[in-house]
Each structure stands twice: as structure tokens, then as C-alpha cells.
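Listed below are the residues making up each chain.
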Amino acid sequence: MTKLSYTLGMKVFACFIAVLSGITAFFDGIGIFLANSYDFYSSSLAELKLAHPYLDTGMLTKLYGMRGSLLPILVISLLLFAISVIYLLCAAGHRPDTDEIVPNLQDKIPLDLYFAIVCPILLAILFLILEGRNPLADTGALSFVVIGSIILAILGLATLLTCVTRLKLGRYFYQHTIAYQVIRFCWKMLAAVCSTIADAVKSISTTWKIAVAWLVISAFYTMGGFGAIVLSFALLLVFCSMASQMQELKNGGEALAKGNLNYKINTQRMFPLFRAHGKNLNSISKGFSIALEQKMKSEHLKTELITNVSHDIKTPLTSIINYVDLLKKENLDGQAAEYIEVLDRQSRRLKKLTEDLVEASKASTGNLKVQLAPTDMGELAAQAVAEYEEKLENAHLEAVINGGDTPLFAMVDGNLTWRVLSNLLSNACKYSQPYTRVYIDIKKEKDTVILSMKNISRDALNIPAEELMERFVRGDSSRHTEGSGLGLNIAQSLVGLQKGTFSLEIEGDLFKAFVAFPATEPPAPPAEEMPEEEMPTDALPMEDMPIEEMQEETEKGE
């Protein structure tokens, strides 16, 4: 079978042929039976003439005369019926656009409904035949047999096709039945009852109190009278109090889940069971608060340690760098000159590392002064690229800025944002594949200005993007390039201080960095100074006033 044969038009045509050939074969079979039973045919004509004296029976006589040609019609009808049904069985559940079995609308109807309609019609037709009633003599029975046979053929074919489709789908056959749903519901209810009994047995230390209370309540209701009324009122108060206490516990749990560790549940008027649960929730909140405080203290001590150590290293390191510079002026040659070059390179690398450590600690703790102002991101990116022009050329890279022609202003700190761009360009120079391009795209989406930087990595990036933003993590696992692994972490912290977002994406060897800041309007242009000839006399500067007026203004100021 090709996919073309599974089209809707072919299926509808095959259904029409199957129904038509099936009905034809059914009635043709009845005709052959009647034609070969002359006594039955004669009695039928006699009954018809007796019941309907004016009925023309010539058509029945002609049909009796055609009994010899009914057999070929029966064979052709059965052959067409078999071919169409086999095709429909193969095409059931298939569609031209997919190889999978796809249920259609009729397959979503519970299978029980099909059998609930088809079976009564089939039984009624069999009852008329087996009872011995003559359909030719009973017009009502004849009409029922004809109409019922047509309906039975259509619904029977639909039932057959949906059963085949459900069988191809596996469990779909029995899952979409009313009987399955009822049995499943009853099984769940039975499982819930058994589970409840098992839980009650496990929690016998609490459930026995409820069982005793239930027995007492049942005893009071059995006696009836005024005691039952008082007990009903008391139960109403108890249930209202329990609902209130459960609501309080629910609010406490929701507050704790949202991170509100200062929320405390009032357990003074709670029942003992609810009070114990409320105290446990309060203890959890207190424990989380202590753990969070200790973590913050640990982070603060870690940052302070890094800062202090960096400052302590910086002083002797400065002396080393200065003495190395003095040694370089001595014009040493040979091995001594090479040693001096190694000392100079490594000492400056250590100095850069200590500076990055101090900056990372300040950025992570927020100990940096932030001055937000409307800034043209395209102009800032162009300045950063111009600053790194020589380094980009040495790394055989070409920087391409897209979207910088139209001014896009964001609320940022120019110095901190320049440091972010500097770190990204520095990483591009260190880790990009030579003879490639570094793309810097600037665009505005709703109320946000997004700057993205893309470059092709020289080494395979077998590391998650989130891990790259951690401290001391570098893009090259061999760590043969100069770098501290703090650049992206510093950039993320600096962007966060400016109320922006910093994210990374890695697609194979393509590295993408995204920096987003709140968009803002361009700054208002400075007010133009009024020409001297249009300046009013009362607005003259002090040095242009007459001496008398200058003295008066001075006295007013005093």
C-alpha cells in the first residue's frame, strides 16, 4: 500500500463500496433462498393477496423469474465487499502525512457504545428471521429488516474499523471503554480505602483518639434528645476551630516555601496535634535562617580573605616589578636577559590576577559605586572595539558591529559597562579561532537594550555555559593561555550591579554572550545660552553691571 491509498477520499469510497456490496449480498442471498423455496414463495404471495387484495404482486413474480441471475450478482457483491473491507482494515489508523497510527474522532468514542447500538439491531433482525415471521407478508417487518440492515452495515463496518485501529494502538483498545473506566474507578476507590486503613493502623497513636471520639459521638446520637443538640453545636465549634488552625498551618507552609523565614505560626490556641506541627514549621524556619546567616557570613569572610590576601600580595609584588624594571635597564644579555623577561612576564601576570581578585570581590559584594546614566550602547561598543583594535589585529580577528548606527540608549554606568565589554573582548582575543570574525549585535526588544557578542572558539567548549561564569573557570581545559578565569564572573557581577542581566549560550564551537539593560530615552540636550544682545538688563553678569547696581546686589546678598 502506498501513502496515496490512505487518503480520506479513498477511505470514504471504500466504505461506500463495502456498505453497498454488503447490503446487496445480504438481500441477494435472501432472494436466492426465496427463489429456491417455491412453497415458501407461494405461501408468501397467498398471504400478501389475502392481506392486501389490491396489491400488485407482479414485481415479486418478476423477481422470482430472475432467480437464475441472482447467483452471479451475489458472487460479485461478495468479492467487492471482501476487497473493500481488506483495504479498510489495512488503512485503518493510517494517514498520508505520517507512518504512525493516529486515532480519529470515531476512535475516541467508547467502544461499549458501538456494541450497545449494533447488538440490539442484530438481535432484532435475527429474532424476526428465527421466529418464522414472513417479512414479505408483513410490511412492518420488511421495513424494519431493510432499514435495520442498512444501519447495521454502516455501524458494523465502523465498529470493525475502530476495533482494528485500537488493536494497532495496543492498550488504546480497552482504555477507551466505559467498562474500563468504571472498573478503574472502583479499583482506585478500593485502593484508597485500603490505603486509608493501612495509614490509620500505622498512625495508631493518633487515630485511636479519633476512633474513641467517634464512638462517643455515636453513643450520644443513639440516645438522641437534648444531648445530641448540644453535641452537634460543640462539634460545629470544634470543626470551625480545626479549619482555622489548618488554614494557619497552610499559610505558614506557603510563606516558608516562598522564602519568608521570618514568618511565625501562632500555636498558643491550637490543638496539641496541630501545635506540634506548627512548632516543627517554626523550627524549620529558624534552622533555615541560621543556615542562611552562616552561609552569608562564610561568603563575607571568604571575600574579605581574598581582598586582604590580594592587598598583602600587591605590596611586595609592586617591589618585584620595580626591581625587574631596574634590572632591564642594566642591559643584561644572554641567559640573564631571558630570565629577566620571564620574571617580568610572570610578575605582571600575577599583578593582573591580584587586581582581578580584588575587583571580583568588590563586584560580588556590591562595594562599587554605581552611577547610572543614559548611555549610547552602540557608541560604547565602538569605543571598546577601538581600544582593542591592536589586540584584535594581533589575534587575527575582525570585529563587526551590527545595529550601532541607530542610537540605542540604556540606563548604565559607562565605566562598569566598558569593563564588561573589555572582559568580553579580552576573552575573544584569547580564545577565538584566528582569522574569524567577532560579531557585536545591538538591538532593542520592548523596554530592553540587548548587546550580544559572538565568536568561534579555538578549543572545544566541553563545558556548560553556567559553569563558565563561575570563578577560576577558563574556556581552555589545558590552561595554556594567560587568564585568571575571573573575567566572565566579574562581568556578570558588574552587570547585576547595574540592574541588568548577563547570560551565555554555547552551540558547538560558537560562543555567545548576552548583556541586557533597561532601555531609556536619550538625555535632554543642554540649554542654549541666550545671546548677549537679547539678555535682559536684570540678568547681566556681575562684572558687566554698573558699580552702583553691583553694590546694591552685594548688599542684597548680605
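**Q** For this particular structure, what's the right way to read the overall build of the protein chain?
**A** Within the protein chain one finds 18 helices and seven strands. A separation threshold of at least 6 residues defines the contact pool for the protein chain, and within that pool the share at least 24 residues apart is 70%. For the protein chain, the computed accessible surface area is about 36,300 Å², with 63% contributed by carbon and sulfur atoms.

**Q** Teacher, can you tell me more about empty space enclosed by the protein here?
**A** The gaps of empty space that remain are located by a probe, the size of a water molecule, rolled over the atoms. Under the counting rule described, the total for this entry stands at one cavity of 30 Å³ or more. By volume, the largest cavity amounts to about 40 Å³. In terms of lining, the largest cavity is formed by Gly252, Leu256, Asn260, Tyr263, Ile265, Leu281, Asn282 and Ser285. Contributing elements (two or more residues each) for the lining of the largest cavity: helix 10 (226-257) and helix 11 (272-328).

**Q** Looking at this structure, how should I read the environment of Ser149?
**A** Structurally, Ser149 can be placed in helix 6 (residues 139-169). A relative accessible area of 9% places Ser149 in the buried class. Counting along the chain gives 123 residues from Ser149 to Phe26, while the straight-line C-alpha distance between them is 8.5 Å.

**Q** What am I meant to see in the side chain of Ser422 here?
**A** In this fold, Ser422 is placed in helix 15 (residues 414-431). Within the structure, the side chain of Ser422 is placed 2.6 Å from the side chain of Tyr388, a separation counted as a polar contact.

**Q** Honestly, the sheet that holds strand 6 (residues 501-507) in this entry has me stumped. Any pointers?
**A** Each strand in a sheet pairs with its neighbour through backbone hydrogen bonds, running either in the same direction (parallel) or in the opposite one (antiparallel). Strand order in the open sheet formed by five strands is 2-4-5-7-6, with mixed pairing between adjacent strands. The open sheet has two edge strands, strand 2 (397-402) and strand 6, and neither has a second partner. Mean inter-strand twist for the sheet, computed between neighbouring axes without regard to direction, equals 15°. The sheet contact formed by strand 6 and strand 7 (residues 510-518) spans seven bridges and is antiparallel. What sits directly across from Leu504, in strand 7, is Ala513. Running over the sheet, helix 13 (residues 377-387) touches strand 2, strand 4 (436-445), strand 5 (448-456) and strand 7 and is turned about 165° from strand 4. Along the sheet, helix 15 contacts strand 2, strand 4, strand 5, strand 6 and strand 7; its crossing angle with strand 5, the most-contacted strand, is approximately 15°.

**Q** Got a minute to help me understand a nonpolar patch on the surface in this structure?
**A** Side chains of Ile109, Leu113, Ile178 and Val182 sit close together on the surface and give an oily, nonpolar patch of about 310 Å² of accessible area. Among the secondary structure elements, Ile178 is positioned in helix 8 (residues 178-202). Classification of Ile178 by relative accessible area gives partly exposed; the value is 40%.

**Q** Before we go on, may I ask you to explain unusual backbone geometry in this structure?
**A** Phi is mostly negative for residues that are not glycine, and the peptide bonds are mostly trans. In the Ramachandran plot, Tyr435 falls in the positive-phi region, its phi being about 60° despite a non-glycine side chain. Its place among the elements puts Tyr435 in the loop between helix 15 and strand 4. Residue Tyr435 is classed as exposed on the basis of its relative accessible area, which comes to 67%. A positive phi angle, close to 55°, is found at Lys446, a residue other than glycine. Mapped onto the secondary structure, Lys446 falls in the loop between strand 4 and strand 5. Look at Lys446 and you get exposed, because its relative accessible area is 78%.

**Q** Looking at this structure, how should I read the packing of helix 15 against helix 17 (residues 487-497)?
**A** Two quantities define a packed helix pair, namely the angle between the helix axes and the distance between the axes. Axis separation between helix 15 and helix 17 bottoms out at 9 Å; the angle between their running directions is 155°. For the element pair helix 15 / helix 17, the angle class is roughly antiparallel. Read as a crossing pair, helix 15 and helix 17 show a hand that is left-handed. Contacts from Leu416, Arg419, Val420, Asn423, Leu424 and Asn427 in helix 15 reach Gly487, Leu488, Ile490, Ala491, Leu494 and Val495 in helix 17. Taken together, the residues that form the contact of helix 15 with helix 17 break down as eight nonpolar, three polar and one charged.

**Q** Sorry, what's going on with the nonpolar core here?
**A** In globular proteins that are soluble, nonpolar side chains generally tend to be buried together. The biggest cluster of nonpolar side chains holds 42 residues, and the ones touching the most others in it are Met377, Leu424, Phe502 and Leu504. The greatest single-element share of this core, amounting to seven residues, is contributed by helix 15. For Leu424, the residues in contact, after removing those within four places along its chain, are Met453, Leu488, Phe502, Ala513 and Val515. In terms of nonpolar packing, the next biggest core, distinct from the first, is built from eleven residues, Tyr6, Val19, Tyr87 and Leu157 among them.

**Q** Please explain the confidence of the model for the protein chain as it appears in this structure.
**A** A low pLDDT means the predicted coordinates there should not be read in detail. For the protein chain, mean pLDDT is 75; residues scoring 70 or higher make up 74% of the total. The model gives residues 532-558 a pLDDT under 50, and that stretch makes eleven contacts with residues more than four places away or in other chains.

**Q** Would you mind going over helix 13 with me for this structure?
**A** Given 3.6 residues per helical turn, the α-helix brings residues three or four places apart onto the same face. All buried positions along helix 13 are accounted for by Met377, Gly378, Leu380, Ala381, Ala384 and Val385. Considered in projection along helix 13, the buried side chains sweep an arc of 160° and stay on one side of the axis. Residue Asp376 occupies the N-cap position of helix 13, its side-chain oxygen lying 3.2 Å from the main-chain nitrogen of Gly378.

**Q** Looking at this structure, how should I read the pattern of salt bridges?
**A** When their charged atoms lie close together, side chains carrying opposite charge are able to pair. With the rule as written, the count across this model stands at eight salt bridges. Here Arg348 and Asp325 are joined by a salt bridge, their closest N and O atoms 3.3 Å apart. Of the two residues, Arg348 is situated in helix 12 (residues 335-365) and Asp325 in helix 11; the sequence distance between them amounts to 23 residues. Residue class for Asp325 comes out partly exposed when judged on its relative accessible area of 25%.

**Q** Which parts of the structure should I look at to understand helix 17?
**A** The buried count for helix 17 comes to eight of eleven residues, which makes it a mostly enclosed element. Just downstream of helix 17, Lys499 is the residue with a positive phi angle, here 65°.

**Q** How should the environment of Glu521 be read in this particular structure?
**A** Its location among the elements puts Glu521 in the loop between strand 7 and helix 18 (547-557). Taking the C-alpha atoms as reference points, Glu521 and Thr375, 146 residues apart in sequence, are found 9.4 Å from one another. Every residue in contact with Glu521, bar those within four places of it in the chain, is listed here: Pro374 and Phe409.

Here is what the cut-offs are and how they apply
Residues numbered from 1 in each chain as written. Predicted model: local features only at pLDDT ≥ 70, side-chain atom pairs only at ≥ 80, totals over all residues. Heavy atoms only, no water. Helix = DSSP H or I, 4+ residues; strand = E, 2+ residues; numbered from the N terminus. Contact = heavy atoms within 4.5 Å. Areas by Shrake-Rupley, 256 points an atom, 1.4 Å probe, with all protein chains shown as cover. 1 Å grid on protein atoms, 1.4 Å probe; cavity = no way out; pocket = protein on both sides within 12 Å on 5 of 7 lines; lining within 4 Å. Points joined across faces, edges and corners; volume = space filled by probe spheres on them. Buried < 20%, exposed > 50% of the residue type's maximum accessible area, 1.4 Å probe, protein only. Polar contact = N/O pair within 3.5 Å; in protein donor to acceptor, adjacent residues only side chain to side chain. Pairing = 2+ DSSP bridges. Axes fitted to C-alpha atoms, helices over the stretch in contact; angles between N-to-C directions. Patch = residues over 30% accessible without salt bridge, like charges linked within 9 Å, V, L, I, M, F, W, Y side chains within 5 Å. Salt bridge = Lys/Arg side-chain N within 4 Å of Asp/Glu carboxyl O. Parallel < 35°, antiparallel > 145°, perpendicular 65-115°, else oblique. Left-handed = near helix turned anticlockwise from the far one by under 90°. Nonpolar A, V, L, I, M, F, W, Y, C, P; charged D, E, K, R; others polar. Core = buried A, V, L, I, M, F, W, Y, C linked by side-chain atoms within 4.5 Å. pLDDT = per-residue confidence, 0-100. Arc of directions from axis to C-beta.

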